[in-house]
Number of protein chains: 6
Amino acid sequence: MTVRMADMAWPEYEKRIKAGAVVILPVGSIEQHSYHLPLGVDRYLPALVAERAAEELGAIVAEPVLYGARSQMRMGGGQTYPGTTSLSPVTLMHVIRDVLTAFIAHGAKKIVVCNGHYENMMFTFEGIDMALKDAKMLGVDDVRVMRFEYWDYMTRETIDALFPDGYPGMELEHAALIETSLMLHFRPDLVDMSKLPNESAGDFPAYDIFPATREGVPPSGALSPPNRARAEYGARIAGDCVKGIVADIRKVFGA
Amino acid sequence: MTVRMADMAWPEYEKRIKAGAVVILPVGSIEQHSYHLPLGVDRYLPALVAERAAEELGAIVAEPVLYGARSQMRMGGGQTYPGTTSLSPVTLMHVIRDVLTAFIAHGAKKIVVCNGHYENMMFTFEGIDMALKDAKMLGVDDVRVMRFEYWDYMTRETIDALFPDGYPGMELEHAALIETSLMLHFRPDLVDMSKLPNESAGDFPAYDIFPATREGVPPSGALSPPNRARAEYGARIAGDCVKGIVADIRKVFGA
Amino acid sequence: MTVRMADMAWPEYEKRIKAGAVVILPVGSIEQHSYHLPLGVDRYLPALVAERAAEELGAIVAEPVLYGARSQMRMGGGQTYPGTTSLSPVTLMHVIRDVLTAFIAHGAKKIVVCNGHYENMMFTFEGIDMALKDAKMLGVDDVRVMRFEYWDYMTRETIDALFPDGYPGMELEHAALIETSLMLHFRPDLVDMSKLPNESAGDFPAYDIFPATREGVPPSGALSPPNRARAEYGARIAGDCVKGIVADIRKVFGA
Amino acid sequence: MTVRMADMAWPEYEKRIKAGAVVILPVGSIEQHSYHLPLGVDRYLPALVAERAAEELGAIVAEPVLYGARSQMRMGGGQTYPGTTSLSPVTLMHVIRDVLTAFIAHGAKKIVVCNGHYENMMFTFEGIDMALKDAKMLGVDDVRVMRFEYWDYMTRETIDALFPDGYPGMELEHAALIETSLMLHFRPDLVDMSKLPNESAGDFPAYDIFPATREGVPPSGALSPPNRARAEYGARIAGDCVKGIVADIRKVFGA
Amino acid sequence: MTVRMADMAWPEYEKRIKAGAVVILPVGSIEQHSYHLPLGVDRYLPALVAERAAEELGAIVAEPVLYGARSQMRMGGGQTYPGTTSLSPVTLMHVIRDVLTAFIAHGAKKIVVCNGHYENMMFTFEGIDMALKDAKMLGVDDVRVMRFEYWDYMTRETIDALFPDGYPGMELEHAALIETSLMLHFRPDLVDMSKLPNESAGDFPAYDIFPATREGVPPSGALSPPNRARAEYGARIAGDCVKGIVADIRKVFGA
Amino acid sequence: MTVRMADMAWPEYEKRIKAGAVVILPVGSIEQHSYHLPLGVDRYLPALVAERAAEELGAIVAEPVLYGARSQMRMGGGQTYPGTTSLSPVTLMHVIRDVLTAFIAHGAKKIVVCNGHYENMMFTFEGIDMALKDAKMLGVDDVRVMRFEYWDYMTRETIDALFPDGYPGMELEHAALIETSLMLHFRPDLVDMSKLPNESAGDFPAYDIFPATREGVPPSGALSPPNRARAEYGARIAGDCVKGIVADIRKVFGA
């Protein structure tokens, strides 16, 4: 029994929505992820975490928003890397809005936005806000939307275990220990550990300059060294995230 | 060696683009496709055809535009079916624009838009047009964009063989003989032939009425009977399309 | 007693709307139409057909939308001809929306969009859709909008009589037999039969290329030879269209 | 030899543009004009004045922008009258922009915007501004656009002769002496002098209130009494306007 | 007890709104005002007038909209002066809309827009209109918005006293007698009377030309000579305006 | 000699820009700041810090963007507090773009955006990006824009001194120790220490829920207790920020 909306025929989708299923929309990005990870890291991870959670919940996972918000230098190396392919903020907000509004028109009442790209965060707020205005136009006022960044479900224990010298914050974790470990866990076929960069962490001033350059970004585009990454870490992080997300969706929606 | 952009690291993508690779953007839809086909038919077919063509051409296939233009009653059964999840025209045009503009910024000079959802057609024109204006802003004036609907590469011989009583035109082929055969060929795991509808073709007046209803649409949402579909037909159609697309991309881009 | 909204004073318009009159909005274009037809063909024909239908129905014909969607090479020769003057899709959708929303605010419940330019079609859908959302904001939920391309009311008999070798479809009929005949019927003063092109039909590949060129378009811009055009054919086509449109408006609106 | 762009074939238009012809775009409105004048007054007058001027100048008159900016209570009685059919400011600005940009793409270097609806004024500025930005994108920097309200060409002598008690300003002249006289001159078939209102002038406070009401607007919608209107006055005003416009276009463009 | 919203804590603001306080939004501009006045004249005057009126009324004055509509040559010397810093019309309309919508969401029922920049006028209409549509979405239909240009409250007596040779109209009063006198009254520290220009009034044709130049604008940017300005005149004008505004707000809102 | 652009006449502004002055645009917000601080905290602080820095640098401070991005529950208590008055993201991005584009048109080459409201950050990126595209249209390619959040210039020593138990991050510092101290330093007249809330810090889950509630937000709206705030701390923080900002502007622009 698939959890993927794209793989269901419409009567199956309708049946599940009528039965109160949660619909999860992963939101990702196509963005440089150093020499050893593919451009699609942020396109895969939130969708894969969401699918695992959905299997436990009997939820539906919609096709992800594959292209996300512009990469910023201090968060993902910025737009100067070939392959980083982004939507303008307005486009992204409207993609999220249009898709959520469609779910609401289908009768979905329990919607989750699972974000996997740091720069998307502020734009998911607005997309959700517009969709809820559309809901009012449709005469619907009993829909609720939950949103989060999946990595915020890593437990304190896991963070402490993985970062004995202190957690730099998710902004600097781009293409680094967490994402590499998760990819080794979920999609090892897409990781090339022979290409691990040999660099220091990014070193940024307190300001941004435009037109942007790569100044301060390590050459590979990884903002912190990914070298300690291991599949077991990925399994642990994924376990934390799926467990926390399942628990919170149950708490919020009683699903 | 993958053709999928999302599965390449950025240095590989950069190398191929610098070597003159063609970049193909599939544009699809999430839309009802009768009882026996999944919502993602238009999300899969143009991407799968594009990947096959890319393998022959050494081209790159970008992640598809998964959500497409609003379904119209006389083309895809309209927006009243649960599961049909669409972008507004403005959003769709901007998604295509933003993604193509990114490819152009990466240095791509040979871009192909491979459309697999009838209602998308007019909006791809505008998305391309805006991206070419962006190219001018970037100081790029040697990029060319080619676009087509993949099914227009079915040969006359195939059409005559499949439709001995005459081809109704692709609008009415929604979830019908062609799409079912293609899915049987490419993704038989997603087709449930036990759920084939038993209906006549859609019977539409010369006009549309809004607010839209399902009047004239067969209950399943298939606009013509898919019952004669066979995997061999799908293989033949796919063969036509891949062959024609490869030949035309070579003709246009010398690729 | 005029059917033209622009020629009525407001109390007359108000009276008719209150009495349940149908309001028809013709949507046209300013676009090259070969050597022998004026730029305004699509600006005149849908308005003239609509006025004839309105006379039979006691309907009101609003001033047409004169500028329409961008011409596409395989539909109208494209934007490269001097004189072709088009709106961007977004502008066009909003013009239609704003005008229909005004009719709805006036109290009109029976609205017809009569399209006379192929490329406008998809954008009329969206304009209507937005106007119906505006209607909800105004607290109006009993308005219905009907839309069509006027040429779809040519009967099979007329098509067979005019095209003994087969009908190429309206896309290729640009500035050709149908439009020339209709102009000879309605506005012979604007046709210069001494300037008929002497060309073959357009010969297009399955794809479009951007930036667009005139490749494949006959030099005049007529996509098929208009040479067999006659005023009698125009009268017959116009008769079909007016008759069919009147009948369908009566069927839909009981007008 | 027509001056109307819509009535020319494209080679004729191209020839004139190449020869340096001025292109005039009338911008009007569909708006209540009291009991005795049709809704289309502002749709007719700037186009008719422009055509007369064009005949003297060998200029081209494009199809007018028929629907204009929202009527304001103190300028045209506001949006509460049935029949008043307006574009939102954004739509209007984009219509003007798109049309002017097309003229520029055709090679026109001398463009005139002839406004005939008071509320349009500020929005024509922006439409022109955007078109000149588009011109830069097209690599064109030698186009100039002239704009005016046609009534500003009434001479002081005419104003004094027509308004011996003082000219209230064009805002209050809505459906009043000037417009009624001009319609009696140009289109007497559309004036019904038996329906002249018998009212005082509008009496407005220094403020506007929203949601708007008709408070202060004379019931007919004429903001000043039109009763002294005569065709001779219309001829005199039209003469002033055409003469002044022709002279200024010659001065500006050397046309 | 401050009247400035920015200087209140939220419980104070909430209390006053619940008690039925009027909220006034000044709308200004940053625009050249000749050699002797600062760029912020239009940013200060409507706010200062509004604050005085608010003190009498117990009203709240929101932070002003500081950046306004593009300056036009015949109204403020146009955009060619360094320092003139304007919003596009669309941006301005949305700023006004967003701010008013927020007040409505707070529960404000009595809202006043006090405009101090001529070119803003038409755009305030649309901003208010959009906010009232937002109000409907919020389920609020008992809010009213009043708007005016503050200078329209100068009395006839004051105008006659200040302009014995006739009032040229506010368009030509840019950086001239009225504004200089008002600044001498309210903010003499920002006026440098040693820099008064020595020029004639602007002399404009009946048309505008784009791209705009400073042709016809006196070099300083003052459209009429400010030389007779005196603080006493400013006090008189301010007195008129505050008195008239207070009276009309009381009349409209019973405040 | 003022640093405030609004208080300069245009020739002074022009002279300074020609001499290479830096232009600083503060970006703020009108947002609840607990019981003891005014709604305008974010409207004052970045402007005041910028003015101090400008005095050292001989820079110009433009009028701030007073209304900012929507407050989010976990960053500023969200939109449910009366008085919080925000722009939509699209409006805000365009305000920043329009203002920066104007500076660029004036000839400014060194532009600084000084942000004082957490939720504004992502939108300043896009506003700057659009302005730099506009710059290209103007033919300007030697302008650079620097942006930062002023609080990121607090030194590690100051943070350690002020937060002996650990710094919760600026998101949770809303209306808390830092902002209260800064207001006590800069504008003690606007702080009412008698109204300090007596609450614990906000306690938020890893997710957001929409429609938003105040769940998890302390009743006052302060996200952490402000009780230890002192003017001396404010002086220290302000000193850090001004010093760091001055140094970095000098480093970046050689100003």
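Scroll up to find the structure this text is about.
Here goes a summary of the coordinates provided. (Residues numbered from 1 in each chain as written. Chains lettered and ligands numbered in written order. Predicted model: local features only at pLDDT ≥ 70, side-chain atom pairs only at ≥ 80, totals over all residues. Heavy atoms only, no water.)

## Re helix H2 (residues 41-57) of chain C
For an α-helix, the turn length of 3.6 residues means that residues three or four places apart are oriented alike. For H2(C), built from 17 residues, the straight-helix expectation of 24 Å at 1.5 Å per residue is met to within 8% by its first-to-last C-alpha distance of 24 Å. Judged by how many residues are buried, H2(C) sits mostly within the fold: 12 of 17 residues are covered. Among the residues of H2(C), C:Val41, C:Asp42, C:Arg43, C:Tyr44, C:Leu45, C:Pro46, C:Ala47, C:Val49, C:Ala50, C:Ala53, C:Ala54 and C:Leu57 are the ones counted as buried. Contact partners of the buried residues in H2(C): strand S1 (23-27), strand S2 (60-61), strand S3 (110-115), helix H7 (177-186) and helix H8 (231-253) of chain C together with helix H2 (41-57) of chain D. (Helix = DSSP H or I, 4+ residues; strand = E, 2+ residues; numbered from the N terminus. Expected span 1.5 Å × (residues − 1). Buried < 20%, exposed > 50% of the residue type's maximum accessible area, 1.4 Å probe, protein only. Contact = heavy atoms within 4.5 Å.)

## Observations regarding the interface of chain A and chain F
Facing the 35 residues of chain A at the interface are 35 residues of chain F. When chain A packs against chain F, the two sides together hide about 3,000 Å² of surface, and 65% of this comes from carbon and sulfur. Sorting the residues of chain A by area buried against chain F places A:Met122, A:Tyr207 and A:Phe210 first, and these three jointly supply 23% of that buried surface. Summed over the shared surface of chain A and chain F, the number is 6 salt bridges. Listed by contribution, the elements that provide at least two residues to the side of chain A that touches chain F are helix H3 (73-76), helix H4 (89-106), helix H5 (121-137), strand S4 (144-149), strand S5 (208-210) and helix H8 (231-253) of chain A. With 9 residues, H5(A) is the largest single contributor of residues to the side of chain A that touches chain F. In terms of residue class, the side of chain A that touches chain F is built from 21 nonpolar, 2 polar and 12 charged. Pairing of S5(A) with strand S4 (residues 144-149) of chain F involves 3 bridges; the strand directions are antiparallel. In the sheet register, A:Phe210 faces S4(F), and the bridge partner there is F:Val145. (Buried area = accessible area lost by both parts, 1.4 Å probe. Salt bridge = Lys/Arg side-chain N within 4 Å of Asp/Glu carboxyl O. Nonpolar A, V, L, I, M, F, W, Y, C, P; charged D, E, K, R; others polar. Pairing = 2+ DSSP bridges.)

## A short note on the pairing of strand S1 (residues 23-27) of chain A
Residue and element names in this part refer to chain A. Of all 5 residues in S1, 5 are buried; the element is thus mostly enclosed. Of the two faces of S1, the one carrying Val23, Leu25 and Val27 and the one carrying Ile24 and Pro26 are both buried. With 2 bridges joining them, S1 and strand S2 (residues 60-61) adopt parallel strand pairing. Looking across to S2, one finds that Ile24 is bridged to Val61. With helix H2 (residues 41-57) bridging S1 and the parallel S2, this β-α-β connection has right-handed handedness. Pairing of S1 with strand S3 (residues 110-115), which is carried by 5 bridges, proceeds in the parallel orientation. Looking across to S3, one finds that Ile24 is bridged to Val112. (Right-handed = clockwise from strand over helix to strand, strands pointing away.)

## A few points about the packing of aromatic side chains
Scanning the entire structure with this criterion turns up 45 aromatic pairs over all chains. Considering the side-chain rings of C:Trp10 and D:Tyr81, the 4.9 Å spacing of their centres and the 70° angle between planes classify their relative orientation as edge-to-face. Taken together, the residues C:Trp10 in helix H1 (residues 10-18) and D:Tyr81 in the loop between helix H3 (73-76) and helix H4 (89-106) connect one chain to another. The structure contains a cluster of three or more aromatic residues connected by ring pairs, namely A:Trp10, B:Tyr35 and B:Tyr81. The side chain of E:Arg214 reaches across the aromatic face of F:Trp10, ending 5.5 Å from its centre. (Phe/Tyr/Trp six-rings, centres within 6.5 Å; stacked < 30°, edge-to-face > 60°. Lys NZ or Arg CZ within 6 Å of the ring centre and 35° of its normal.)

## A word on the interface of chain A and chain B
Across the boundary between the two partners, chain A contributes 47 residues, which contact 47 residues of chain B. Here chain A meets chain B over a buried area of about 3,500 Å², counting both sides, of which 62% is carbon and sulfur. Broken down residue by residue, the surface that chain A buries against chain B is led by A:Trp10, A:Tyr67 and A:Pro82, which jointly contribute 20%. In this assembly, chain A and chain B are joined by 2 salt bridges. Where the side of chain A that touches chain B is concerned, the elements lending two or more residues are helix H1 (10-18), H2 and H4 of chain A. By residue number, the principal contributor to the side of chain A that touches chain B is H4(A), which donates 8 residues. A per-class count over the side of chain A that touches chain B returns 27 nonpolar, 13 polar and 7 charged.

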